[in-house]
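One-letter residues, chain by chain:
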Amino acid sequence: SKPAQRIAISGAAGQIAYSLLFRIANGDLLGKDQPVILQLLDLPQAQAAVKGVVMELEDCAFGLLQDIIITDDPKIAFKDADFVLLVGARPRSKGMERKDLLSANAEIFTVQGRALNEVASRKVKILVVGNPANTNAYIAMKSAPDLPQKNFTSMMRLDHNRALSQLAAQSGQSITDIEKIIVWGNHSPTMYPDFRFATVNGASLTQMINDETWNRKVFMPTVAKRGTAVIEARGVSSAASAANAAIDHMRDWVLGSNGRWVTMGVPSTGAYGIPKELLYGFPVTTANGEYTLVSDLEIDAFSRERMDLARQELLEEQNGVKHLLG
Ligand code: NAX
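Position numbers for residues count from 1 along each chain, tracking the sequence in the order it is written. Only residues with pLDDT of at least 70 are given local features in this predicted model, and only at 80 or more are side-chain atom pairs given and counted; all residues enter the totals for whole chains, interfaces and linings. The basis for every side-chain value is the complete set of non-hydrogen atoms in the structure, without hydrogens or water.

*Asks:* How would you explain the site of the ligand if you had to name every residue and give the values?
*Replies:* Put simply, a residue is near a molecule or strand once any heavy atom of it comes within 4 Å of that molecule or strand. Taken together, 22 residues form the shell around the ligand, and within it Gln15, Ile16, Asp42, Val129 and Asn131 come nearest. Two N or O atoms form a polar contact when they lie within 3.5 Å of each other; inside protein one atom must be a possible hydrogen donor and the other a possible acceptor, and for residues adjacent in sequence the pair counts only when both atoms belong to side chains. Backbone polar atom of Gln15 to an oxygen atom of the ligand: 2.9 Å apart, as the coordinates give it. Areas reported as accessible are Shrake-Rupley estimates using a 1.4 Å probe. Residue values count occlusion only from the protein chains shown. About the coverage of the ligand: the protein hides 81% of its 880 Å² of free accessible area. Here a cavity is any set of points on a 1 Å grid over the protein atoms alone where a 1.4 Å probe fits but cannot get out, and a pocket is any open set with protein on both sides within 12 Å along at least 5 of 7 lines; a residue lines the site when it has an atom within 4 Å of a point. Whether a molecule lies in a cavity or pocket depends on its atoms, and more than half of them have to be within 2 Å of the grid points. More than half of the atoms belonging to the ligand lie within 2 Å of the grid points that define the largest pocket. Residues that form the shell around the ligand fall into these classes: 11 nonpolar, 10 polar and one charged. Charged residues are taken to be Asp, Glu, Lys and Arg, nonpolar residues to be Ala, Val, Leu, Ile, Met, Phe, Trp, Tyr, Cys and Pro, and polar residues to be all remaining types, Gly included.

The following block contains the structure:
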């Protein structure tokens, strides 16, 4: 059989990992014929909880799960890793200012970026899920100068999937027939879900829905506030859907999107007026393990305004942590 691939996951004791690990071990990410080794990272105080999760992984008797490593040291977790899912992050605690949250996470992602730089496979594919995901990914990328910048991505796929589901419900079309939707920008309330180019079996979805008021007053806020709605209903934040989106993101990156557009947070190369290196949600297609930006889309005045809002917010986040980068 194929040699095992090493998949490192931080935040292994957390609630997203509690879905993610089982699906990866089941072959949902790399396929049913690809053995995997899980390299699990979490804080020292979470090691006992990680061991409990590992007991459950063992009890599933997954045929593809070749080995499991448990550690609180990023350099052990990321050693020779082919794939890295950075899920663990410092959550906002009561009374914590936004800038304190940014700094706390900047420290974590500086350390983890340096460890990746030192020990990960040179071909490693990295997805940052932990919030603020785009800026955390930027910090990790800047802390890993020996790795190609294109190896660093952030998760916008949950927002993309949320948008897709809302559009299918509103139009009465099936999810699998809808193509070419985008969520531009930041994984935050400034995100811009955009279906101007969307098609259903080649026909225009905008024309089918034909309701700009619904777009601006219902669709856009519903997608942007979906995370909050889930917290209000469930008492805790999205976990299974976040794990699912992480798998979709990675699987499409590795196995290809077959021409479909997907949204990934990727370092800007300057397209669409977004400053270079900013991790920003863009439409991409994927093939042969690489993503390609969907370029030259028309940006109207409303879209420009929305895209600049996210750009501004991300620049501010970046400026808030710049002093921490060497
Ligand atoms: P949990 O609080 O359940 O788990 C987080 C885990 O990370 C904990 O076990 C904690 O000990 C660990 N951790 C903290 N700092 C660490 C470090 N320096 N190294 C290794 N492990 C560390 O959170 P969960 O619900 O799993 O969410 C994880 C992250 O995903 C959060 O930052 C959350 O905001 C973010 N999300 C991002 C989404 C996205 O679309 N980009 C959506 C879902 C989710 O809200």
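*Asks:* Pulling in residues and values, what's your account of the pattern of salt bridges?
*Replies:* What makes a salt bridge here is a side-chain nitrogen of Lys or Arg within 4 Å of a carboxyl oxygen of Asp or Glu, nothing more. In this structure the tally under the stated criterion is 16 salt bridges. Residue Arg251 pairs with Asp248 through a salt bridge whose shortest N-O separation is 3.3 Å. Of the two residues, Arg251 and Asp248 are both situated in helix α10 (residues 240-255); the distance of three residues between them amounts to about one turn of the helix. Only protein chains enter the calculation, and the probe is 1.4 Å; a residue is then buried if its accessible area is under 20% of its type maximum, exposed if over 50%, and partly exposed in between. When its relative accessible area of 11% is taken as the criterion, Asp248 is described as buried. Note that Arg304 is salt-bridged to Asp308, the shortest N-O span being 3.1 Å. Within this pair, Arg304 and its partner Asp308 are both found in helix α11 (residues 301-321), separated by four residues, close to a single helical turn. Among the charged side chains, a network of salt bridges with common partners joins Arg157, Asp248, Arg251 and Asp252. The helix and strand labels rest on DSSP assignments: H or I over at least four residues marks a helix, E over at least two residues marks a strand, and numbering proceeds from the N terminus.

*Asks:* Summarise the layout of surface pockets; cite the residues concerned and give the values.
*Replies:* Grid points are joined across faces, edges and corners, and a volume is the space filled by probe spheres set on the points. Its boundaries defined by the atoms lining it, the largest pocket holds a volume of some 1600 Å³. What lines the largest pocket is a set of 49 residues, among which Ala89, Pro91, Val129, Gly130 and Asn131 lie closest to the centre. Mapped onto the lining of the largest pocket, the elements with two or more residues apiece are α1 (15-25), α4 (98-119), α5 (133-142), α6 (157-171), α9 (226-234) and α11. Here the lining of the largest pocket takes six residues from α4, the largest share from any one element. Taken together, the residues of the lining of the largest pocket sort by class into 23 nonpolar, 16 polar and 10 charged. What the second largest pocket holds in volume is close to 280 Å³. Residue assignment for the lining of the second largest pocket shows that the elements contributing at least two residues are α6, β7 (178-179) and α10. Sort the elements by how many residues they give to the lining of the second largest pocket and α6 lands first, with four residues. Partitioning the lining of the second largest pocket into residue classes produces six nonpolar, six polar and seven charged.

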